[in-house]
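Residue-level listing of the chains:
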Amino acid sequence: MMEKLFLFTALMISTCCAVTQDLSGKVFVFPKETNTDHVKLLTTRSTFYNVTVCLRFLTDLNRDYSLFSMSTPTVENAFLIYGEPANHVFHVNSGSGPTFHAVPFPQNTWHSLCSTWGHGSGVAQIWLNGKPYVKKFVTNQPISGKPISILGQEQDSYGGRFDTAQSFVGMISDVHMWDQVLTPTEIKSYMNHKHVTPGNVFNWRSLQYEITGQVLVDDAPDDM
Ligand SMILES: *[C@@H]1O[C@H](CO)[C@@H](O)[C@H](O)[C@H]1NC(C)=O
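We now turn to the structure provided with this report. No experiment lies behind these values; they were computed from the predicted model shown. (Residues numbered from 1 in each chain as written. Predicted model: local features only at pLDDT ≥ 70, side-chain atom pairs only at ≥ 80, totals over all residues. Heavy atoms only, no water.)

Inspection of the entire model under this criterion finds 11 aromatic pairs. Ring geometry for phenylalanine 28 against tryptophan 204: centres 5.3 Å apart, planes inclined by 85 degrees, an arrangement best described as edge-to-face. Highlighted residues: phenylalanine 28 in strand S2 (residues 26–30) and tryptophan 204 in the loop between strand S16 (202–203) and strand S17 (207–212), separated in sequence by 176 residues. Residue classification places tryptophan 204 among the buried residues on the basis of a relative accessible area of 1%. Arranged with centres 5.1 Å apart and planes meeting at 70 degrees, the rings of phenylalanine 28 and tyrosine 209 form a pair that is edge-to-face. Of this pair, phenylalanine 28 sits in strand S2 while tyrosine 209 sits in strand S17, and the two are 181 residues apart along the sequence. Each member of the pair, phenylalanine 28 together with tyrosine 209, is buried. When the ring centre of tyrosine 190 is taken as reference, the NZ or CZ atom of arginine 56 above it lies at 4.1 Å. Of note, lysine 131 hangs over the ring of tyrosine 133, and the distance from its end group to the ring centre comes to 4.8 Å. (Phe/Tyr/Trp six-rings, centres within 6.5 Å; stacked < 30°, edge-to-face > 60°. Helix = DSSP H or I, 4+ residues; strand = E, 2+ residues; numbered from the N terminus. Buried < 20%, exposed > 50% of the residue type's maximum accessible area, 1.4 Å probe, protein only. Lys NZ or Arg CZ within 6 Å of the ring centre and 35° of its normal.)

If you want it as structure tokens, here you go:
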């Protein structure tokens, strides 16, 4: 009886403990399609005028999915990276944001992705596997207010309203976020797995995060 009660309690508590870890050589594995399971990335920072987010990912999904979802109390897609592999399309800030067409990202291949945005020009850019794509206007408004940043789900409200059909299933690694637009040289370094100054908002080598549901921390595969 006690054992059953314990198991039940353990299953109910699916969000556990913020941790700070060096995740070098590791990946987050999102093993199932849900509208719940995710990783929340934690930072004390709250206003951004310039942004670069880089990450690597592997998936066999052919439907749409969110790769990085940051919302603020006033803007649900404050910084969103969203892929539509079937259409070879990336969105940065889905909804009002621009669409980047003809960006190929086939399934079952590791991809290195960076997205930049700066409030001065208001322009965002996607980089994929060493190649820069066009620059498109998003907004001149800085990102302000306490952000909620999520891997694995797309926020349709501040910290919630996830949609199974936009969830991520696969692996994500080497997530960094900077409050600057990195130079092309720095982005290429990241994409070539060379040294780059770690993110000062999110740093994979000292990542503060919280897992909800089933997301595993696993060794990175050799071919990443
Ligand atoms: C944002 O980037 C622009 C262009 O590089 C720079 O002039 C500006 O100082 C940056 N703003 C902040 C707050 O870092």
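Let us keep going from here.
Our focus in this paragraph is the nonpolar core. In this structure, Phe28, Phe57, Leu67, Phe68, Phe79 and Phe90 are the most contacted members of the largest nonpolar core, which totals 44 residues. The contacts of phenylalanine 68, once residues within four sequence positions are left out, are Leu41, Val53, Leu55, Phe79, Leu80, Ile81, Ser149, Ile150, Leu151, Met177 and Phe202. Among the nonpolar cores identified, the runner-up in size contains 9 residues, and Cys54, Trp127, Tyr190 and Val196 belong to it. (Core = buried A, V, L, I, M, F, W, Y, C linked by side-chain atoms within 4.5 Å. Contact = heavy atoms within 4.5 Å.)

To continue, consider unusual backbone geometry. Residue alanine 102 is not a glycine yet carries a positive backbone phi of 55 degrees. Mapped onto the fold, alanine 102 is located in the loop between strand S9 (99–100) and strand S10 (111–118). The exposure class assigned to alanine 102 is exposed, which follows from its relative accessible area of 60%.

Residues of helix H2 (residues 184–191) that are buried: Ile187, Ser189, Tyr190 and Met191. Where H2 is buried, its residues contact strand S5 (50–58), S10, strand S11 (123–128) and strand S15 (170–178). Following H2 by one or two positions, histidine 193 has its phi on the positive side, about 60 degrees.

In terms of residue burial, S15 counts as a mostly covered element, since 8 of its 9 residues are buried. Relative to S15, S2 runs antiparallel, the two being bridged by 3 bridges. Looking across to S15, one finds that phenylalanine 30 is bridged to glycine 170. In this structure, S5 lies alongside S15, joined through 6 bridges in antiparallel fashion. Its bridge partner lying in S15, leucine 58 is registered against methionine 171. (Pairing = 2+ DSSP bridges.)

Looking now at the pattern of salt bridges. Taken as a whole and assessed by the stated rule, the structure comprises 4 salt bridges. Salt-bridge contacts for arginine 45 lead to aspartate 179; the nearest nitrogen and oxygen are separated by 2.8 Å. A residue pair is termed long-range when its members are at least 10 positions apart, and arginine 45 in the loop between strand S3 (38–41) and strand S4 (47–48) and aspartate 179 in the loop between S15 and H2 qualify at 134 residues. Arginine 45 gets classed as partly exposed once you look at its relative accessible area, which sits at 27%. When the shortest N-O distance is used, the salt bridge between arginine 56 and aspartate 174 registers 2.6 Å. Here aspartate 174 lies in strand S15 and arginine 56 lies in strand S5, a separation of 118 residues in the sequence. Aspartate 174 gets classed as buried once you look at its relative accessible area, which sits at 13%. (Salt bridge = Lys/Arg side-chain N within 4 Å of Asp/Glu carboxyl O.)

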